[in-house]
Amino acid sequence: VTLGVPTTAVAVTQGATAATTVTVARQNFSGDVRVAAEVAPAGLTVAPITIPAGAQSATLTITAGPSAAVGAASITLRATGPGGAPAGTATLPVT
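Below you will find a few notes about this structure.

About the thresholds
- Residues numbered from 1 in each chain as written.
- Predicted model: local features only at pLDDT ≥ 70, side-chain atom pairs only at ≥ 80, totals over all residues.
- Heavy atoms only, no water.
- Helix = DSSP H or I, 4+ residues; strand = E, 2+ residues; numbered from the N terminus.
- Rg over C-alpha atoms; globule rule 2.2 N^0.38 Å.
- Buried < 20%, exposed > 50% of the residue type's maximum accessible area, 1.4 Å probe, protein only.
- Contact = heavy atoms within 4.5 Å.
- Areas by Shrake-Rupley, 256 points an atom, 1.4 Å probe, with all protein chains shown as cover.
- Core = buried A, V, L, I, M, F, W, Y, C linked by side-chain atoms within 4.5 Å.
- Pairing = 2+ DSSP bridges.
- Axes fitted to C-alpha atoms, helices over the stretch in contact; angles between N-to-C directions.

With respect to the overall build of the chain
Item 1. Within the chain, the secondary structure is distributed over zero helices and eight strands.
Item 2. Its C-alpha atoms give the chain a radius of gyration of 13 Å, near enough to 12 Å, the size a compact globule of 95 residues would have.
Item 3. If you line up the chain on its principal axes, its C-alpha atoms span 40 × 25 × 15 Å.
Item 4. A total of 95 residues make up the chain; the buried ones form 34% of that total.
Item 5. Expressed as a percentage of contacts within the chain between residues at least 6 apart in sequence, the contacts between residues at least 24 apart total 58%.
Item 6. As presented, the chain carries roughly 4900 Å² of accessible surface, and 55% of it is formed by carbon and sulfur atoms.

Okay, structure coming up:
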């Protein structure tokens, strides 16, 4: 599974929420894929999502707390398959 994220930064304001689409390219795998933040800057929270079997994308929600740092950063996302098997990583730019 190859995890895809936008190459342009997702803008999220302090104290607000932003959403973006995460995609998967499946290679001989059709089951559910769980996507969660492996590394996120302090003050940013990423809600884990599941891209269901057969689906190619889902919406990922990023919340910036009131004390989140202002400026460019990145979030490392990890995709896992059944039983937690690693399926890929991607870096999502945020501002």
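Here's the deal with the environment of Leu60
Item 1. With respect to the secondary-structure elements, Leu60 resides in strand S6 (residues 57-64).
Item 2. Under the relative-accessibility criterion, Leu60 is labelled buried at 0%.
Item 3. Placed 14 residues apart in sequence, Leu60 and Ser74 show a C-alpha to C-alpha distance of 14 Å.
Item 4. Those residues in contact with Leu60, other than ones at most four positions away along the chain, are Ala18, Ala19, Thr20, Val22, Val46, Ala47, Ile49, Leu77 and Leu92.

Points about the nonpolar core
Item 1. Counting 24 residues, the largest nonpolar core has Val22, Val35, Ile62, Leu77 and Leu92 as its most contacted members.
Item 2. Mapped onto this core, the elements with two or more residues apiece are strand S2 (17-25), strand S3 (33-39), strand S4 (44-46), strand S5 (49-51), S6, strand S7 (73-80) and strand S8 (86-94).
Item 3. Among the elements that take part in this core, S6 stands out by supplying four residues, more than any other.

A few points about the sheet that holds strand S1 (residues 2-4)
Item 1. The antiparallel open sheet is built from four strands, whose spatial order is S1-S2-S6-S4. Unpaired on one side and paired on the other, S1 and S4 mark the two borders of the sheet. Taking each pair of neighbouring strands and ignoring which way they run, the sheet shows an average axis angle of 30 degrees.
Item 2. Bridge count between S2 and S6: seven bridges; the pairing is antiparallel.

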